[in-house]
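# Examination of the molecular architecture
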Amino acid sequence: MAQRMGNQPMIVLSEESQRTSGKDAQSMNITAGKAVAESVRTTLGPKGMDKMLVDSSGGVVVTNDGVTILKEMDIDHPAANMIVEVSETQEDEVGDGTTTAVVIAGELLDQAEELIDSDIHPTTLAQGYRQASEKAKELLESKAIDVTKEDRETLVKIAATAMTGKGAESSKDLLAELVVDAVLAVADDDGIDIENVSVEKLVGGSIDNSELVEGAVIDKERVDENMPYMVEDADVAVFDGALEVKETEIDTEVNVTDPDQLQQFLDQEEEQLKEMVDELVDVGADVVFVGDGIDDMAQHYLAKEGILAVRRVKNSDLKRIARSTGARVVSSVDDIEADDLGFAGSVSQKDVGGDERIFVEDVEDAKAVSLFLRGGTQHVVDELERAIDDSLGVVRTTLKDGKVLPGGGAPETELALELRDFADSVGGREQLAVEAFADALEVIPRTLAENAGLDPIDSLVDLRSRHDSGEFGAGLDAYTGDVIDMEQEGVVEPLRVKTQAIESATEAAVMILRIDDVIAAGDLSGGQIDPDDGGDDEMPPGGGGMGGGMGGMGGMGGMGGAM
């Protein structure tokens, strides 16, 4: 890029830089965003297809989960990555609806492209889209159905809906029950922390063999073969330190002049370890979980006293054990008191799928639970875990917000009708943007119909007709092609799945539409700035990210075509 000053051109950007401006830049970014949305669109709904992703080392992921597909894909284009971020936000906030959010974002860009070609300014579009998004959230909140913690039937339906179309669908009734039990078990006055639901995967058996353990399951073994395999009515001690001889903070040297002194030294260490074990016996501990190591001599004394001990337990597992049993995590044996012990009806070591694990079970009012997922192959249990994660997320969100909506494209069809009416009250060219937003939302029922092999036009006409006559819950049954009441059918999802998807998709689309200049820097790998230099010749570290990110721009058209 050059500007003329008098007769001399003034060079602003280096020759290696690339710059795309105006409609070319907008068109390139919109194409990139649409290509990403198109890549996951066929996975939407109960009849959505799976994707196989193969990495450079031959690793394979087979999944129907939108966010997993987009994370695993090697996407370089910065505008395309902004659409990927939409799915990641949806996953973090709600746990489900990632494909919905991305498909809506792609369709908003597609609708905007037509209006930009008709000379509607992008900022006008952005304003209209924001107005439509706010109105859509307002409409959804007014039409949402209330749900309480006691309404178990609805919670199970929500969990099952999140698994529909994924590998877990064949056993979704059993898994939905397990998910609801797990979430209700860990719910307390402080909210619901899904981290307290440990998901364990085991290859072998079938999905129907999956089970919920009310308590903690630790992927460890007892430290000594002479310790009991099982302890019933166990008092449990939890340490985040070690059961070892205390070492000094500073390096020390001990000079020994005869063998008796050395023996006294060893006897003293042994006595320290014996005192530690005696203290555990005195407070009544039957089972000990330790975050660090356990000295060999201490293991011997613990086994002699019939105490089951486990070492090097992860910090997250220690917290889960403490939460399950009601124990308090202490850092030293010296600090432990009888009140710090937890209780479990049974602590045992069991062989599960060829692996030895410690089960902490039969606990009163378990506030940490473990879900055991079984499947015939590694790919099956991996995809099962992703479905369970989504399901846990939506049940947690429902309990938190207490609001649900019917599925099957019903809310999007209703919003499209309501927003077209709302557009008449919006003045200026923003009205066209609101109408485009309404058209974009219908991509969801249209895609559901396409993926089910139905005629999308006939399906949309039927849906519009039913919603026009006041049936808010009318949605598309992908199996029969009929328009039915989704609430009665039990196809429901949390309100926040829809509001978050619309909000994130709108923000990403608006951000992409407002870009009219893309500057791709040249090779910035020249190194760091010299501290003595003012930095005129080289870009600071981090600038290279733009070069790397933009390097894939030229290939984005190819990416869109390949998808």
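Residues numbered from 1 in each chain as written. Predicted model: local features only at pLDDT ≥ 70, side-chain atom pairs only at ≥ 80, totals over all residues. Heavy atoms only, no water.

### Considering the overall build of the protein chain
Just so we agree on the cut-off: Counting from the N terminus, the helices are DSSP H or I runs at least four residues long and the strands are E runs at least two residues long. Categorising residues by exposure relies on relative accessible area from a 1.4 Å probe, with only protein chains included: less than 20% of the type maximum marks a residue as buried, more than 50% marks it as exposed, and the intermediate range marks it as partly exposed. Two residues qualify as a contact provided that any one of their heavy atoms is within 4.5 Å of a heavy atom in the partner residue. Using a 1.4 Å probe, the Shrake-Rupley method yields the accessible areas, and only the shown protein chains count as cover for residues.
Helix and strand counts for the protein chain come out as 19 helices and 21 strands. Within the span of the protein chain, comprising 563 residues, buried residues form 50% of the whole. Look at the contacts in the protein chain between residues 6 or more apart in sequence, and 75% of them connect residues 24 or more apart. A total accessible area of about 26500 Å² is found for the protein chain, and carbon and sulfur atoms account for 44% of it.

### Focus: the packing of helix α6 (residues 152-163) against helix α11 (residues 378-401)
Counted only if it meets this: Here, axes are lines fitted to C-alpha atoms. For helices the fit covers the stretch in contact, and angles between N-to-C directions go from 0 to 180 degrees. When the near helix sits turned anticlockwise from the far one by under a right angle, the crossing is termed left-handed; a clockwise turn instead gives a right-handed crossing.
Contact geometry of α6 with α11 gives a least axis separation of 8 Å together with a crossing angle of 145°. Remark: the crossing between α6 and α11 carries right-handed chirality. On α11, the residues that touch Leu155, Ile158, Ala159, Ala162 and Met163 of α6 are Ala387, Ile388, Asp390, Ser391, Val394, Val395, Thr398 and Leu399.

### What to know about the sheet that holds strand β8 (residues 211-213)
Definition in use: Strands were regarded as paired on the criterion that DSSP finds at least two bridges between them.
Taken in spatial order, the three strands line up as β7-β16-β8 in an open sheet, and their pairing is mixed. Edge positions in the sheet fall to β7 (197-203) and β8, since each of these pairs with one other strand and no more. Adjacent strand axes in the sheet meet at a mean angle of 25° when their direction is disregarded. With three bridges joining them, β8 and strand β16 (residues 369-375) adopt antiparallel strand pairing. By the bridge assignment, Glu211 is partnered in β16 with Phe372. Set on the sheet, α11 makes contact with β7 and β16; between it and β7 the angle comes to about 160°.

### Regarding the environment of Asp74
The residue Asp74 is located in the loop between α2 (66-72) and α3 (78-93) in this model. Judged by relative accessible area, Asp74 falls into the exposed class, the value being 74%. Taking the C-alpha atoms as reference points, Asp74 and Asp55, 19 residues apart in sequence, are found 9.1 Å from one another.

### Considering the confidence of the model for the protein chain
Keep this limit in mind: The pLDDT value tells you how sure the predictor is about a given residue, anywhere from 0 up to 100.
On average, residues of the protein chain score 82 in pLDDT, and 85% of them are at 70 or above. Throughout residues 524-563 the model reports pLDDT below 50, and contacts reaching past four residues in sequence, or to other chains, amount to 38 contacts.

### With respect to a negative patch on the surface
We count it as follows: To count toward a patch, a residue needs a relative accessible area above 30% and no salt bridge. Like charges then connect within 9 Å, nonpolar side chains (Val, Leu, Ile, Met, Phe, Trp, Tyr) within 5 Å. Here, a salt bridge means any Lys or Arg side-chain nitrogen found within 4 Å of an Asp or Glu carboxyl oxygen. The convention is simple: Lys and Arg are positive, Asp and Glu are negative, and His and the chain ends are not counted. Note on charges: their place is set at NZ of Lys, CZ of Arg, CG of Asp or CD of Glu.
On the surface, Asp455, Asp458, Asp462 and Asp482 cluster together into a patch of negative charge. With respect to the helices and strands, the residue Asp482 is situated in the loop between β18 (474-476) and β19 (483-485).

### Here's the deal with the pairing of β7
Of all seven residues making up β7, five are buried, and the element is well covered by its neighbours. Relative to β16, β7 is paired through seven bridges, and the arrangement is parallel. Across the sheet, residue Ser198 finds its bridge partner in β16, namely Ser370.

### Quick notes on the side chain of Thr154
Mapped onto the fold, Thr154 is located in helix α6. Owing to a relative accessible area of 15%, Thr154 belongs among the buried residues under this scheme. If we ignore the near neighbours within four places in the chain, the residues touching Thr154 are Val147 and Val492.

### Some points on helix α13 (residues 430-441)
This is how it is decided: For a helix, the expected span equals 1.5 Å multiplied by the number of residues minus one.
An ideal rise of 1.5 Å per residue puts 16 Å on twelve residues; α13 measures up with 17 Å between its terminal C-alpha atoms. Within α13, the full set of buried residues consists of Glu430, Ala433, Val434, Ala436, Phe437, Ala438, Ala440 and Leu441. Where α13 is buried, its residues meet α4 (98-117), α5 (122-143), α12 (410-423), α14 (443-451) and α17 (495-513).

### A few points about a nonpolar patch on the surface
Taken together, Met52, Val54 and Val60 make up a surface patch of nonpolar side chains, about 270 Å² in accessible area. One can find Met52 in strand β4 (residues 51-54).

### Considerations on the packing of α13 against α14
Under the convention used in this document: Each angle gets one of four labels, with under 35 degrees taken as roughly parallel, over 145 as roughly antiparallel, 65 to 115 as roughly perpendicular, and the rest as oblique. For this classification, the nonpolar set comprises Ala, Val, Leu, Ile, Met, Phe, Trp, Tyr, Cys and Pro, the charged set comprises Asp, Glu, Lys and Arg, and every other residue, Gly included, is treated as polar.
Two elements in contact, α13 and α14, have axes separated by 5 Å at closest approach and are oriented at 25°. In terms of their interaxial angle, α13 and α14 are classed as roughly parallel. Here α13 contributes Asp439, Ala440 and Leu441 to the contact with α14, which in turn contributes Val443, Ile444 and Pro445. By residue class, the composition of the contact of α13 with α14 is five nonpolar, no polar and one charged.

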